[in-house]
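Descriptive structure summary
Next come the chains, spelled out residue by residue.
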Amino acid sequence: MQTSSTNPRIETAHSYLPVKKTKETQSTQQDQNKNMTSHNIGNVEMLPYMSTGLLTESGILRLSLGKQFCNRKHHLRCDAFSKPLTTGSAVHTHPHTDPTYSMHGVGADTCERQKVLNHTLDMSAATKRKVWLVSLVSLVILVILVVLMYLAFTHLLASKDGTVAPLELKRVQQYAVDVTLDPDTAHPNLILSADGKQVYDGDVEKNLPDNPERFSTNPCVLGKQSLSSGRFYFEVEVKEKTDWDLGVARESINRKGDIPLSPEDGYWTIWLRNGNEYKALDDTSVDLSLKSRPQKVGVFVDYKEGLVSFYDVDAAVLIYSFTDCAFTEKLYPFFSPCVNDGGRNSAPLIIRPVY
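Residues numbered from 1 in each chain as written. Predicted model: local features only at pLDDT ≥ 70, side-chain atom pairs only at ≥ 80, totals over all residues. Heavy atoms only, no water.

1. Brief notes about the packing of aromatic side chains
- With the rule as written, the count across this model stands at 10 aromatic pairs.
- Taking 5.1 Å as the distance between ring centres and 80° as the angle between the ring planes, the aromatic pair formed by Trp268 and Phe327 counts as edge-to-face. Here Trp268 is found in strand S8 (residues 267–273), whereas its partner Phe327 is found in the loop between strand S13 (317–322) and strand S14 (331–336), with 59 residues between them in sequence. The two residues Trp268 and Phe327 agree in class, both being buried.
- Put simply, the rings of Phe215, Tyr267 and Phe334 touch in pairs and so form one group of aromatic residues. (Phe/Tyr/Trp six-rings, centres within 6.5 Å; stacked < 30°, edge-to-face > 60°. Helix = DSSP H or I, 4+ residues; strand = E, 2+ residues; numbered from the N terminus. Buried < 20%, exposed > 50% of the residue type's maximum accessible area, 1.4 Å probe, protein only.)

2. Notes on the pairing of strand S6 (residues 231–237)
- S6 sits mainly inside the fold: six of its seven residues count as buried.
- By the bridge criterion, seven bridges tie S6 to strand S11 (residues 296–302) in an arrangement that is antiparallel. Bridge pairing in S11 places Tyr233 opposite Phe300.
- The sheet contact formed by S6 and strand S15 (residues 349–352) spans three bridges and is antiparallel. Considered in S15, the bridge of Glu235 is made with Arg352. (Pairing = 2+ DSSP bridges.)

3. Thoughts on the sheet that holds strand S10 (residues 286–288)
- The sheet built from six strands is open, its strands ordered S5-S14-S7-S8-S9-S10 with antiparallel pairing. Edge strands, defined here as strands with exactly one partner in the open sheet, are strand S5 (221–222) and S10.
- Two strands pair when backbone bridges link them, and strand S7 (residues 244–250) and S14 are joined in this way by six bridges, in the antiparallel orientation. Note that in S14 the partner of Ala249 across the bridge is Tyr332.

4. Topic: the side chain of His187
- For His187, the location among the structural elements is in the loop between helix H4 (166–173) and strand S3 (190–192).
- Those residues in contact with His187 that sit more than four places away from it in its chain are Arg214, Phe215, Ser216, Thr217, Asn218, Pro219 and Cys220. (Contact = heavy atoms within 4.5 Å.)

Next comes the structure, spelled out in structure tokens:
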């Protein structure tokens, strides 16, 4: 084995081959090892390996380089070197590539630090997994929010052209109340069912007390239930009728004589005339063009928001909405089956339960 005179710790390519020891070579190695007895290589104490004088310069260099390589390659586990170093022979293996190479007590502190580093790296991997999981959950939440915003936006567009998503109808239906007709307010010509759920014009005026609550001229009736806050919703079957009025009215409406139906007079209503003429009786009447004849009409009121909306229940279509209404007193459901018209409009208005 030949070494450089300027740097005895750099080995040649032939240092991996067995070296035939002569007396001169052994004497030279013993002298070198004595000088290096207390020498540290890369902060690794080499004393346990210097006593025999048989560890070659190549081996010392290999151990030093192996230790430094271990520090650079953080995944290397120091406890993998478990086989004792055989003294009395040249070193032909590298500590990083040969798992039989032993560090035993040499560099124990370094190995301990390496183990701590490995543990830290394991924790770092766990942290990365957690970050990945949190990112995935955040992405899912973002997608859900985008979908909800899209649905809300499409609902706003749909409402402008007279349609409404079934989910919106379900939302207002949750405010359903059990409405019954108030016989004390019914015009004398009207026939009410015993359960207070149906009304039609009997075309015969009954002899009833003319109390202040009763309609005296127009064939109308109010519901018993009132609203002065919150929301309520009810549904009325209107099939087989040619004329009807539906909506809500405030408590102080005029009930005597011929009454105009308008918000200014305390009525928020829509009507049907002649079997196919629909109109919203707003401050200025609005002709309604419906794609199909409603068989069941839903009426929704949001008192605080000043909103009265009408729905075609079967088609899940918004018929019309009164907005920005200034409610200041109790509101009552309002019904008019209109005149019998010789039997052509004899079918009743029926208050249906909401499902």
